[in-house]
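Coordinate inspection notes
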Amino acid sequence: MAKAYTPGLLVTTHRRHRCRRILPIAGDVNVSKGDQVVADQVVAETSLPGDVNPVNLANQLSMPASDVMDCMVVKEGDTVEIGDTVAQTKGIFGFMKTTIPSKVAGTVETISPVTGQMIVRGAPLPVQVKAYMSGEVVNVLPGEGCEIEADVAYVQGIFGVGGETAGTIKMACQAHDEELDAKHITDDMAGAIIVGGGRMTAQAVERARAVGAAAIVSGGIDDADLKNMLGYDLGVAITGREQLGITVIVTEGFGDIAMAARTFEMLKGFAGQEASVNGATQIRAGVMRPEIIVPLDAAPPASEGSGRYEEGQLEIGRPVRCIRDPHFGVIAEVSGLPSEPAVLGSGSKARVLEVKLPTGEHAVVPRANVELIEE
Amino acid sequence: MTDTPTLDPDKIKVILATDCGSTTTKAILIQYVDGGYRQTHRGEAPTTVEKPFADVTMGVVNSVTEIGELAGRKLVGDDGRIITPATDTEGCDIYISTSSAGGGLQMMVAGVIAEMTAASAKRAALGAGSIVMDVIAANDGRRPHEQIQRIRDLRPDMILLSGGTDGGTTDKVVQLAELIAPAKPQPRFGSDYEMPIIYAGNNQAQGSVSEVFSEGGFDLQIVDNLRPVLERENLGPARDKIHDIFLEHVMAQAPGYDKLMGWTGAPIMPTPGAVGDILQTVARIQGINVVGVDIGGATTDVFSVFDETFNRTVSANLGMSYSISNVCAEATMPNVLRWVPFDMDERELRNHVKNKMIRPTTIPQTREALMFEQAVAREALRLAYKQHKEFATTLKGVQQQRTVGDTFTQETGGETIVNNMKLDLLVASGGVLSHAPRMHQTAMLLIDAFEPEGITMLAKDSIFMMPHLGVLASVHPKAAEEVFDRDCLIYLGTCVAAAGNVKAGKTAFSWSFNGHSGEIKGGEMDLIDLPLGETATITINPVRGVDLGAGPGKKVEREIKGGTVGVILDGRGRPLALPEERTACQATIQGWIDSCDMYVEEEATAAV
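Everything numeric in this text was worked out from a predicted model, so none of it was measured. (Residues numbered from 1 in each chain as written. Chains lettered and ligands numbered in written order. Predicted model: local features only at pLDDT ≥ 70, side-chain atom pairs only at ≥ 80, totals over all residues. Heavy atoms only, no water.)

Here we look at the nonpolar core
Test applied: Only buried Ala, Val, Leu, Ile, Met, Phe, Trp, Tyr and Cys residues count toward a nonpolar core, and they belong to the same one when joined by side-chain atoms within 4.5 Å. Partly exposed residues are those whose accessible area sits between 20% and 50% of the maximum for their type, while under 20% is buried and over 50% is exposed, using a 1.4 Å probe and protein chains only. Only runs of H or I of at least four residues qualify as helices and only runs of E of at least two qualify as strands under DSSP, and these elements are numbered from the N terminus.
Among the nonpolar cores identified, the biggest contains 114 residues, and Phe159(A), Ile216(A), Val248(A), Leu433(B), Leu446(B) and Phe450(B) are the most heavily contacted of them. A total of 11 residues in this core trace back to one element, the largest contributor, which is helix H12 (residues 367-391) of chain B. Judged by nonpolar contacts, the second largest core, of 50 residues, contains Ile198(B), Leu247(B), Met251(B) and Met261(B).

This is the structure in structure tokens:
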């Protein structure tokens, strides 16, 4: 068998990239088809229904739910402020009335004669969706959002934390395997997307955050540093909503691991250019990986390298990343695709492939333990 | 429901079944061979629900193509579809599938009292094969605005609302409806998708509940009360409705499922629902108590049938890949490492765990990596079983008839019905158990995590075939039963374990069968050969205070079955206790590993 399917991460100097910018609920779309937008431009906005506050009036008035309606001072649709009387008993001969002031401001949504419960909804919460990526609006979804397309260079990372941001790419390391430490971060990196090489240290992230960098990208990170940064041990890889003040992306994995040389060189080639990044990672169904998007002025001419390999196919000569010990992090080349399963050192039987390591040695690894470097 | 053509079971000779899991899609081929149905080939491929593929059928076709190559039978046509009906050389007569991809079925349930109607609603949702994201109850300790915020944050596929017995007061359950409606919960898939709400509560409140959900984009479905009286649950109608909505709404929204549903000859079932069906069938036919476990990448499902009462729990973040980091966090690393008989660098290990989490499909290549993953698996299974025991209880809120003898027992309902001493069969499935290089490892993982007591048969679903058979049983029960008997379960052997007052180094029990005999001391284990297919009558004489099923110190004589591993004699006592001191712990573990032949040196043909 000369080919086999395996997934991989995308790293490419050019692709026509499309991103959907959708509101969580229906609202207004501010752009039209054909518009050119920039990353921080608001393309759609709406208001989320405000917070809901239930008020159990039957309990507070000490009466059956069915009697509550007779005591209501406000009705559905009315606006109430904190302290406004919402219900009042008739009292005895006009005296000894019990009044219920509202503890929240908002609009009375419902009053239930079945439960004696009033629902007050708070002020609407504004929500804005930005373009995120500079490009052209190619499709408008009325009331929902739009789709933006651009010619971009694209790097898919393996894991990230923090959400969408944008900035100028600045190289902090000179080599793809150079550890990214605090000493590499300078004050002029405020608002930048800092690109390192090997593992990023906790001090580097802290310093980047202190100078006001938008994002920090490098080959690896230590789990202990991530835990300290987040303040908790991440149990499942569903991220993107962290409020760290910086977006953090690793391209290869956890531990002492160098960024793939090709990725490093590519990002180096885009130093000084604007890019959009998103650390959101969701490693479950509907997988989402962090990304670095560099909009290009124009599509470059097709190079010899692009399209050499079929997407998702393992082929002889194709570069792969070993993603498990004992060769974790090594970029190797497929040298053989035996069809018969082999017995591993663990005793398990699995389908394997042969790879040529950078040292020139050949090794046999399970197919499950390599990842294609998609171009 | 999806309309499916009716097939004549007698004409079904080639059956293709897939299970689309969150990590891999597993396909099996069942053929009519020599007068019976047998599982003949299997294949698997990564599931392709995620981008860039975003089409589950690609993984299905890849796994089926692998089977086709192995079987020498063309199963996928040039148009990329599965070929039906079968001819002598190609295609299948029926294609069926289960699914837990796309995160499976995710539900929120609500009930008035957490321990009563809400617990029953949770049981109904779990029994239907769902993951329960949260349980909202009037007495769950959260304030109403906190409950509403939680409902808003969740993105369930559907909501099951229950509360009240038939004819009882209506206001509490209507109050719950009034919390859910304004929260406007958003479904996971599709902005134009109306949130399905299943109401299975007090029948007197149906009108009021309908009114509450009449506006705001809800699709309200009313079924019979799942707790019509406190003393009885009626979970069937709610479970059936969950299955219907799963097919009509949820599956139709997941990437590629509309296409897949057009290919199958029977409705797609949620994977755990299918497993539950087949286990209940086995327990009923054989009249035994069964516990089944399926440890996956993201979750661990535990199923139990004790005295014909079925329970299922899903431990949402206890799994071996997506959730491996959570297992280590929840169990703590020292608890994981107590199962490893050598030193490991903790910083490196933590990074390995995270790397497995972000690249969930990798497999251990070295012996050390395998032993570490099996240590994590023991902890994941232990925690999942603990949660199961806490959930599988007698009905709460039921008045107990008490006699004078019960005066001091303080039992008021709600005790766990899981009794390890009454457990007859423990079935393992899921990658780390099914794909363990040696079945001895599977057996030891089960014993260490579940701590069965007395005499318990151990088995594994060799290639995770139970889901396929669960759905096959709905269209061809005979084929499902035959394959279950012949090919699905691999009997590992029998565990004979001492409970009670076991003293380290002192005799716990003596045993004899088939001319063999011996003594097991406290803290020791032994493995005695009894091949697959053979049975023997074992005689066990426990010392005073030690129980093997007949009571402390009482002799036991019972028939036991052999298996691929044999008879495991366990004198470690219950609950299992390991030495605190690391070196002593490593020596103890190594002793147990050696006693049970867990790992043996085999020639590895691949470089490591």
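Structure's up, so let's keep going.
Observations regarding the domain arrangement of chain B
All names here are of chain B. Definition in use: The split of the chain into domains comes from an automatic or database domain assignment. Every residue pair with non-hydrogen atoms within 4.5 Å of one another is taken to be in contact. Summed over both partners, buried area is the accessible surface (1.4 Å probe) that two parts give up on being assembled.
Examined at the domain level, chain B breaks down into domain 1 (9-99), domain 2 (105-253) and domain 3 (290-395 + 413-595). On a C-alpha basis, the centroid separation for the pair domain 1 and domain 3 is 31 Å. In this complex, domain 1 contributes 21 residues to the contact, which on the side of domain 3 involves 20 residues. Of the roughly 1800 Å² buried at the junction of domain 1 and domain 3 (both faces included), carbon and sulfur atoms supply 68%.

Thoughts on the packing of aromatic side chains
Residues and elements named next belong to chain B. Operational definition: When the centres of two rings from Phe, Tyr and Trp lie within 6.5 Å, Trp using its six-membered ring, the rings pair. Their planes under 30 degrees apart give stacked, over 60 give edge-to-face, and anything left gives tilted. Counted as over-ring charges are cases with an Arg CZ or a Lys NZ within 6 Å of the ring centre that also lie within 35 degrees of the ring normal.
This model, assessed by the stated rule, comprises 6 aromatic pairs over all chains. Consider the rings of Tyr 32 and Tyr 37, whose centres lie 4.9 Å apart with planes at 65°: the pair is edge-to-face. With a relative accessible area of 35%, Tyr 32 lands in the partly exposed category. Under the relative-accessibility criterion, Tyr 37 is labelled buried at 3%. Consider the rings of Phe 213 and Phe 218, whose centres lie 5.1 Å apart with planes at 70°: the pair is edge-to-face. In terms of burial, Phe 213 and Phe 218 fall into one category: buried. Between Arg 123 and the ring centre of Phe 391, over which it is positioned, the NZ or CZ distance is 5.3 Å.

Regarding unusual backbone geometry
Cis geometry is found at the peptide bond from Asp325(A) to Pro326(A), where omega equals 10°. Within the secondary structure layout, Pro326(A) lies in the loop between strand E24 (319-322) and strand E25 (331-336). In this model, Arg574(B) is joined to Pro575(B) through a cis peptide bond whose omega is -5°. On the secondary structure map, Pro575(B) appears in the loop between strand E24 (566-570) and helix H17 (582-595). Here the phi dihedral of Tyr132(A) falls at roughly 70°; this positive angle occurs in a residue that is not glycine. The residue Tyr132(A) is located in the loop between strand E12 (125-130) and strand E13 (135-141) in this model. Residues other than glycine seldom take positive phi values, yet Lys184(B) does so here, at roughly 45°. The topology assignment puts Lys184(B) in the loop between helix H4 (171-183) and strand E8 (195-199). A relative accessible area of 33% means that Lys184(B) is categorised as partly exposed.

A few points about the interface of chain B and chain A
This is how it is decided: Throughout this description, the term salt bridge denotes a Lys or Arg side-chain nitrogen within 4 Å of a carboxyl oxygen of Asp or Glu.
Chain B puts 66 residues into the contact, and the matching count from chain A is 66 residues. Regarding the contact of chain B and chain A, the summed buried area is about 5300 Å², with carbon and sulfur atoms giving 53% of it. Among the residues chain B hides against chain A, the three largest losses belong to Ile358(B), Arg359(B) and Gln365(B). Together they make up 14% of the total. Between chain B and chain A we count 8 salt bridges in total. Here Arg359(B) makes a salt bridge to Glu371(A), at a shortest N to O gap of 3.0 Å.

Some points on the environment of Gln374(B)
Residue and element names in this part refer to chain B. The criterion, for reference: Side-chain atoms alone can form a polar contact between residues adjacent in sequence; in general such a contact is a pair of N or O atoms within 3.5 Å, and within protein one must be able to donate a hydrogen while the other accepts it.
As for its position among the elements, Gln 374 is in helix H12. Each C-alpha atom of the pair Gln 374 and Leu 445 lies 7.3 Å from the other, and the pair is 71 residues apart in sequence. At 2.5 Å, the side chain of Gln 374 and the side chain of Tyr 599 are in polar contact.

As for the domain arrangement of chain A
Taken domain by domain, chain A holds domain 1 (9-45 + 135-295), domain 2 (52-121) and domain 3 (305-374). Between the C-alpha centres of domain 2 of chain A and domain 3 of chain A there is a distance of 69 Å.

Here's the deal with the sheet that holds strand E23 (residues 556-561) of chain B
All names here are of chain B. This is how it is decided: A pair of strands is considered paired only if DSSP assigns at least 2 bridges between the two. To obtain each axis, a line is fitted to C-alpha atoms, and for helices this fit is confined to the stretch in contact; angles are then taken between N-to-C directions over 0 to 180 degrees.
Spatially, 4 strands are ordered E19-E18-E21-E23 in an open sheet, and the strand pairing comes out antiparallel. The open sheet has two edge strands, strand E19 (516-521) and E23, and neither has a second partner. Strand after strand, the sheet turns through a mean of 25° between neighbouring axes, direction not considered. Bridge count for strand E21 (residues 535-542) against E23 is 6 bridges, and the pairing is antiparallel. What sits directly across from Ile 538, in E23, is Arg 558.

Considerations on the side chain of Arg359(B)
Tracing the sequence through the fold places Arg359(B) in the loop between helix H11 (346-358) and H12. The buried category is assigned to Arg359(B), whose relative accessible area is 3%. Of note is the side chain of Arg359(B), whose polar atom sits 3.0 Å from the side chain of Glu371(A). Not counting residues up to four positions away in its chain, the partners in contact with Arg359(B) are Leu9(A), Ile158(A), Thr251(A), Glu252(A), Gly253(A), Arg321(A), Ile323(A), Phe328(A) and Glu371(A).

Section: helix H8 (residues 271-286) of chain B
Residues and elements named next belong to chain B. Put simply, the rule is: Helix span, as expected, comes to 1.5 Å for every residue beyond the first.
Compared with the 22 Å implied by 1.5 Å per residue over 16 residues, the 23 Å span of H8 between its first and last C-alpha is a close match. Among all positions in H8, only Thr 271, Pro 272, Gly 273, Ala 274, Val 275, Gly 276, Ile 278, Leu 279, Val 282 and Ala 283 are buried. Note on H8: the residue one or two positions beyond its end, Gly 287, has a positive phi of about 65°.

Quick notes on a nonpolar patch on the surface
Counted only if it meets this: A patch consists of residues whose relative accessible area exceeds 30% and which take part in no salt bridge; residues with like charges are grouped when within 9 Å of each other, and nonpolar side chains (Val, Leu, Ile, Met, Phe, Trp, Tyr) when within 5 Å. The Shrake-Rupley method, run with a 1.4 Å probe, gives the accessible areas here. Residue values count only the displayed protein chains as cover.
A cluster of nonpolar side chains, Ile92(A), Phe93(A), Phe95(A) and Met96(A), forms an exposed patch at the surface whose accessible area comes to about 590 Å². When you line up the elements, Ile92(A) lands in the loop between strand E8 (85-88) and strand E9 (99-101).

Section: the packing of H8(B) against helix H15 (residues 466-475) of chain B
The description of two packed helices rests on the angle between their axes and on the distance between the axes. Residue and element names in this part refer to chain B. For the record, the criterion: Each angle receives one of four descriptions, namely roughly parallel if under 35 degrees, roughly antiparallel if over 145, roughly perpendicular if within 65 to 115, and oblique otherwise. Residues are sorted three ways: Asp, Glu, Lys and Arg are charged, Ala, Val, Leu, Ile, Met, Phe, Trp, Tyr, Cys and Pro are nonpolar, and all the rest, Gly among them, are polar.
Closest axis-to-axis distance for the H8/H15 pair is 7 Å, and the angle between their directions is 75°. The angle between the axes of H8 and H15 places the two elements in the roughly perpendicular class. Where H8 approaches H15, its residues Thr 271, Ala 274, Val 275, Ile 278 and Leu 279 are matched on the opposing element by Met 466, Pro 467, Leu 469, Gly 470 and Val 471. Considering only residue class, the contact of H8 with H15 consists of 8 nonpolar, 2 polar and no charged.

Details of the state of the cysteines
What we call a disulfide is simply a covalent bond connecting the sulfur atoms of a pair of cysteines. Residues and elements named next belong to chain B. Our working rule: We call a pair of cysteine sulfur atoms a disulfide whenever their separation is within 2.5 Å.
Summed over all chains, the structure comprises 0 disulfides over all chains. Looking at the unpaired Cys 328, the closest cysteine sulfur is the one in Cys 585, lying at 16 Å. Here Cys 488 is not disulfide-linked; the sulfur of Cys 20 is the nearest cysteine sulfur, at 18 Å.

Focus: the packing of helix H9 (residues 324-331) of chain B against H12(B)
Residues and elements named next belong to chain B. Direction vectors running N to C along H9 and H12 enclose 70°, while the axes themselves pass 10 Å from each other. Regarding the angle of H9 to H12, the classification is roughly perpendicular. From H9, Ile 324, Val 327, Cys 328, Glu 330 and Ala 331 reach across to H12, where they touch Val 376, Glu 379, Ala 380, Leu 383 and Gln 387. Classifying every residue of the contact of H9 with H12 by side-chain character gives 7 nonpolar, 1 polar and 2 charged.

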